[in-house]
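Examining the three-dimensional arrangement
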Amino acid sequence: MDLGLKDRIAIVNGASQGIGYGIARTLAQEGARVVATARREPRLLAAAKRIEEETGAKVLPVVADVRKSEDCDRIVAQAVEHFGGIDLLVNNDGAPPLGTFMSFDDRAWLNAVEQNLMSVVRMIRGSVPHMRRRGGGAIVNITALSALEPLPEFGLSVASWGGVIGLAKTLSLELGADRITINTLCPGLIETPRLHKVTEQSGKAMRDLAQEIPLGRVGTPDDIASLVALLVSPRGSYITGTTIQVDGGLLRGVR
């Protein structure tokens, strides 16, 4: 299926590995021109090269830390300078540390807000004017299932991602007239370096986690990337303001 993404200009943050890499690769496979960002230069450059070799698409790697305002500005500026604009934005950047509420001081909370919420605020604020000039656009925020079904020791993530979900719903009302959609995905258990770290801390094996999932398997980055590609494409242009769990049926609630 052709999703109509050829030559669309996409920024994908956290694209050197895991979910971000899967999204960048899938958009490139659909013909998009991708600005791939991450903090670690060697890993990012290797990821960008791999995507170009596999897809033949143009990938611009930008080493940046989206927790910093100036880096968010630089990502936007380089996307516009190199490709001529911005059509699609995927906000994705791992997660803050795990730990009990009482173990974190103000600095930890401020860092979590910078990473999970303010990075989204800044990237959207910088990208929207360019989307407006091009007649519309699409934004997808990647959070986690814990934002909908909180878990012990995930407080930094849950609280800051709650702000992202509320912001996205608000912006769907403000940006709809500009033909800019915005949606938030809440991945469940996806096989990423982050999940391996969580399993190490919890002492659970991957096969044990899979038994808790109705579909019987842990998800892959491609499971998330496929939905992102749909949401940012013309075929998903009537979907905005939603928060969608992508979890193999793991969430035990009715929303």
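Small disclaimer: the values here were computed from a predicted structure and weren't measured. (Residues numbered from 1 in each chain as written. Predicted model: local features only at pLDDT ≥ 70, side-chain atom pairs only at ≥ 80, totals over all residues. Heavy atoms only, no water.)

**With respect to the overall build of the protein**
The following threshold applies: To qualify as a helix, a DSSP run of H or I must reach at least 4 residues; to qualify as a strand, a run of E must reach at least 2; elements of each kind are numbered from the N terminus. The quantity called the radius of gyration is restricted to C-alpha atoms. Its globule counterpart is 2.2 Å times the number of residues to the power 0.38. Exposure is judged per residue with a 1.4 Å probe applied to protein chains only, and the accessible area is read against the type maximum: over 50% gives exposed, under 20% gives buried, and values in between give partly exposed. The criterion used for residue contact is that any of the two residues' heavy atoms lie within 4.5 Å.
When helices and strands are tallied, the protein shows eight helices and seven strands. Its C-alpha radius of gyration of 17 Å places the protein within 12% of the 18 Å reference for a compact globule of 255 residues. Seen through its C-alpha atoms, the protein measures out along the principal axes to roughly 45 × 40 × 40 Å. Across the 255 residues of the protein, 50% fall into the buried class. Across the protein, the fraction of contacts at a sequence separation of at least 24, relative to all contacts at a separation of at least 6, is 74%.

**Regarding the sheet that holds strand E7 (residues 243-246)**
Formally: Any two strands are treated as partners once DSSP identifies two or more bridges connecting them. Every axis corresponds to a line fitted to the C-alpha atoms, with the helix fit spanning only the stretch in contact, and the corresponding angles, defined between N-to-C directions, vary from 0 to 180 degrees.
Spatially, seven strands are ordered E3-E2-E1-E4-E5-E6-E7 in an open sheet, and the strand pairing comes out parallel. Of all strands in the sheet, those with a lone pairing partner are strand E3 (59-63) and E7, marking the two edges. The mean inter-strand angle of the sheet, taken between neighbouring strand axes irrespective of direction, is 20°. As defined by bridge partners, strand E1 (residues 9-12) adjoins strand E2 (residues 33-38) across four bridges and the pair is classed as parallel. Each bridged residue has a counterpart across the sheet, and for Ile 11 the counterpart in E2 is Val 35. The strands touched by helix H3 (residues 69-83) are E1, E2 and E3; relative to E3, the strand with the most contacts, the crossing angle is about 155°. Together, strand E4 (88-91), strand E5 (137-142), strand E6 (180-187) and E7 form the strand contacts of helix H8 (residues 221-231), whose direction differs from that of E6 by roughly 165°.

**A closer look at the nonpolar core**
How we decide: For our purposes a nonpolar core is just a set of buried Ala, Val, Leu, Ile, Met, Phe, Trp, Tyr and Cys residues, chained together by side-chain atoms within 4.5 Å.
By size, the foremost hydrophobic cluster in this structure holds 36 residues, and its most contacted members are Ile 23, Leu 27, Ile 142 and Val 228. Elements with a contribution of two residues or more to this core: E1, helix H1 (18-29), E2, helix H2 (41-55), E4, E5 and H8. Leu 60, Ala 64, Ile 75 and Met 123 belong to the second largest nonpolar core, which has 32 residues in total.

**Digging into the packing of H1 against H2**
Condition: Oblique is the label for any angle not covered by the other classes, which are roughly parallel (under 35 degrees), roughly antiparallel (over 145) and roughly perpendicular (65 to 115). The crossing is said to be left-handed when, going from far helix to near helix, the turn is anticlockwise and less than a right angle, and right-handed when the turn is clockwise. Three categories are distinguished: nonpolar for Ala, Val, Leu, Ile, Met, Phe, Trp, Tyr, Cys and Pro, charged for Asp, Glu, Lys and Arg, and polar for the others, with Gly belonging to the last.
H2 packs onto H1 with a crossing angle of 30° between their chain directions and a minimal axis gap of 9 Å. Between H1 and H2, the angle falls in the class roughly parallel. Crossing handedness for the pair H1 and H2: right-handed. Side by side, H1 and H2 meet where Tyr 21, Ala 24, Arg 25, Ala 28 and Gln 29 of the first sit next to Ala 47, Arg 50, Ile 51, Glu 54 and Thr 55 of the second. Of the residues assigned to the contact of H1 with H2, the class counts are five nonpolar, two polar and three charged.

**What about H1?**
The condition that has to hold: Take the number of residues in a helix, subtract one, and multiply by 1.5 Å to get its expected span.
A rise of 1.5 Å per residue sets the reference length of H1, with its 12 residues, at 16 Å; its end C-alpha atoms lie 17 Å apart and thus fit the reference within 8%. The element H1 is largely enclosed, with a buried count of 11 among its 12 residues. Turning to H1, its buried residues are Gly 18, Ile 19, Gly 20, Tyr 21, Gly 22, Ile 23, Ala 24, Arg 25, Thr 26, Leu 27 and Ala 28. With its phi angle positive at about 95°, Gly 31 sits one or two positions after the end of H1.

**Thoughts on the environment of Ala 108**
With respect to the helices and strands, Ala 108 occurs in helix H4 (residues 106-133). With 35 residues separating them in the primary sequence, Ala 108 and Asp 73 have C-alpha atoms 24 Å apart.

**A look at the pattern of salt bridges**
What counts here: The term salt bridge refers to a side-chain nitrogen of Lys or Arg lying within 4 Å of a carboxyl oxygen of Asp or Glu.
Enumeration according to the criterion identifies 10 salt bridges in this entry. For Arg 134, the salt bridge goes to Asp 87, with nearest N and O atoms at 2.6 Å. Here Asp 87 lies in the loop between H3 and E4 and Arg 134 lies in the loop between H4 and E5, a separation of 47 residues in the sequence. Here Arg 134 falls in the partly exposed class, since its relative accessible area comes to 38%.

**Thoughts on unusual backbone geometry**
In the Ramachandran plot, Asp 7 falls in the positive-phi region, its phi being about 70° despite a non-glycine side chain. Checked against the element boundaries, Asp 7 lands in the segment before E1.

**What to know about the side chain of Thr 184**
Put simply, the rule reads: Counting of polar contacts relies on pairs of N or O atoms within 3.5 Å, with two restrictions inside protein: one atom must be capable of donating a hydrogen and the other of accepting it, and residues adjacent in sequence are counted only when both atoms are side-chain atoms.
Note on placement: Thr 184 falls in strand E6. A polar contact is formed between the side chain of Thr 184 and the side chain of Asn 141, at a distance of 3.5 Å. Leaving out residues up to four positions away in the same chain, Thr 184 has contacts with Asn 141, Thr 143, Val 164, Ile 165, Ala 168, Thr 242, Thr 243 and Ile 244.

**Details of H4**
Inclusion rule: Fitting one axis to the seven residues ending at a residue and another to the seven starting there, the bend at that residue is the angle between the two axes.
The terminal C-alpha atoms of H4, which comprises 28 residues, lie 39 Å apart, in line with the 40 Å expected from a rise of 1.5 Å per residue. The largest bend along H4 measures about 40° and falls at Met 118. One side-chain oxygen of the residue at the start of H4 lies 3.2 Å from the amide nitrogen of Arg 107, identifying that residue as Asp 105. Backbone geometry just downstream of H4 places Gly 135 in the positive-phi region, at approximately 90°.

Coordinates in, geometry out; function isn't part of it.
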